[in-house]
Amino acid sequence: MLKSLAIIFSAVLGLASGAAEARTITDAAGRTVEVPDTITRVLAAGPPASVLTYVLAPDKLAGWAREPTEEQKAYLLPSVRDLPTYGQITGKGGSANVEAVLAAKPDIILDVGTVNDTYRSLADKVQAQTGIPYVLIDGRFADSGKTLRDVGALLGAAARAETLATYADQRIKDLNDSLAMIPADQRPRVYYGRGPEGLETGLSGSINVEILEAVGAENVAAAAGKGSLTQVSLEQILSWNPDVIIAASGKFAASAKKDPLWADVKAITTGRVFTAPSLPYGWFDFAACDQPSDRCRLAAEAVLSRPLQGGPEG
């Protein structure tokens, strides 16, 4: 009898130990992070991580870094539409605090996007303050397949991740094959404008404008140097005289078409001003989509006026 009880007690201890088991991973910043063996709640550091978690494992999303609009909610699963909003940990609109993060009771904090010393330092700081594992994932467009596979493995959604990653890899290959047939001197010069006035943009190397490079366009703001986001003047834009303008804000797109100060810009005179879609989330800039290559498809069609064929099945 005592032996049987001992066996049962040992089994219970084993189950309890298994529930607390952890694994060690190396994130995109080279940080060694100990995460739970089974992850059930994910707190996203910013919108890109929110979208990626929703795409791969919506049941594990602890809440939103930025509350979806009513228009966006129409595209989302009913189970996640009204999850709590705790604010962003990372990015320009960072608004979350330690109390909000702890109240969400996540197993991990996931951050997807640029990986550099600044974000590495932030990850270390937040992890030290909260005691919650903080995982950095490289969000570069060209590595969409790898990003999906890495996060899928982390969240226990490898099969779903492989389906999307395979699709993304093929669409990116198709895109590159198509671009290889377009001479460099036939590719347009493009300005990407953020904000209601369109005077914020991404410099050369910014993850915010990587789609321009991906579709073979020339980012005119690269003339202002390398870096991330920056403010520019209307005078600079006039001197660059872009062939195409892609606007993050519909308000900016509408005002630029009517503003006499913009009237001489080639993109305005030729009517090549496009607003990047934002439903159910941003396709061009601050978030990826379910099929990541669709962001690039939109930009390719708008920028190159050469629609790409194909799409996700089902």
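This text goes with the structure placed above it.
Quick summary incoming for the structure in this document. (Residues numbered from 1 in each chain as written. Predicted model: local features only at pLDDT ≥ 70, side-chain atom pairs only at ≥ 80, totals over all residues. Heavy atoms only, no water.)

Once that is clear, we can look at the side chain of Arg31. As for its position among the elements, Arg31 is in the loop between strand 1 (22-26) and strand 2 (32-36). At 3.2 Å, the side chain of Arg31 forms a polar contact with the side chain of Gln127. At a separation of 2.7 Å, a polar atom in the side chain of Arg31 contacts the main-chain carbonyl oxygen of Tyr134. When residues no more than four places from it in sequence are discounted, the contact partners of Arg31 are Ile25, Thr26, Arg120, Ala123, Asp124, Gln127, Tyr134, Val135 and Leu136. (Helix = DSSP H or I, 4+ residues; strand = E, 2+ residues; numbered from the N terminus. Polar contact = N/O pair within 3.5 Å; in protein donor to acceptor, adjacent residues only side chain to side chain. Contact = heavy atoms within 4.5 Å.)

With 46 residues, the main nonpolar core has Leu56, Ile109, Leu110 and Leu154 as its most contacted residues. The set of elements that each furnish at least two residues to this core consists of strand 2, strand 3 (42-44), helix 2 (47-56), strand 4 (108-113), helix 6 (117-130), strand 5 (134-138), helix 7 (144-155) and helix 8 (158-179). Not counting residues within four places of it along the chain, the set of residues in contact with Leu56 comprises Leu148, Val151, Gly152, Ala157, Arg160, Ala161 and Leu164. Val220, Leu234, Trp240 and Ala267 belong to the second largest nonpolar core, which has 17 residues in total. (Core = buried A, V, L, I, M, F, W, Y, C linked by side-chain atoms within 4.5 Å. Buried < 20%, exposed > 50% of the residue type's maximum accessible area, 1.4 Å probe, protein only.)

This next bit is on the environment of Gly250. You can see Gly250 is positioned in helix 11 (residues 250-258). In this structure the C-alpha to C-alpha distance between Gly250 and Pro196, which are 54 residues apart in sequence, comes to 8.0 Å.

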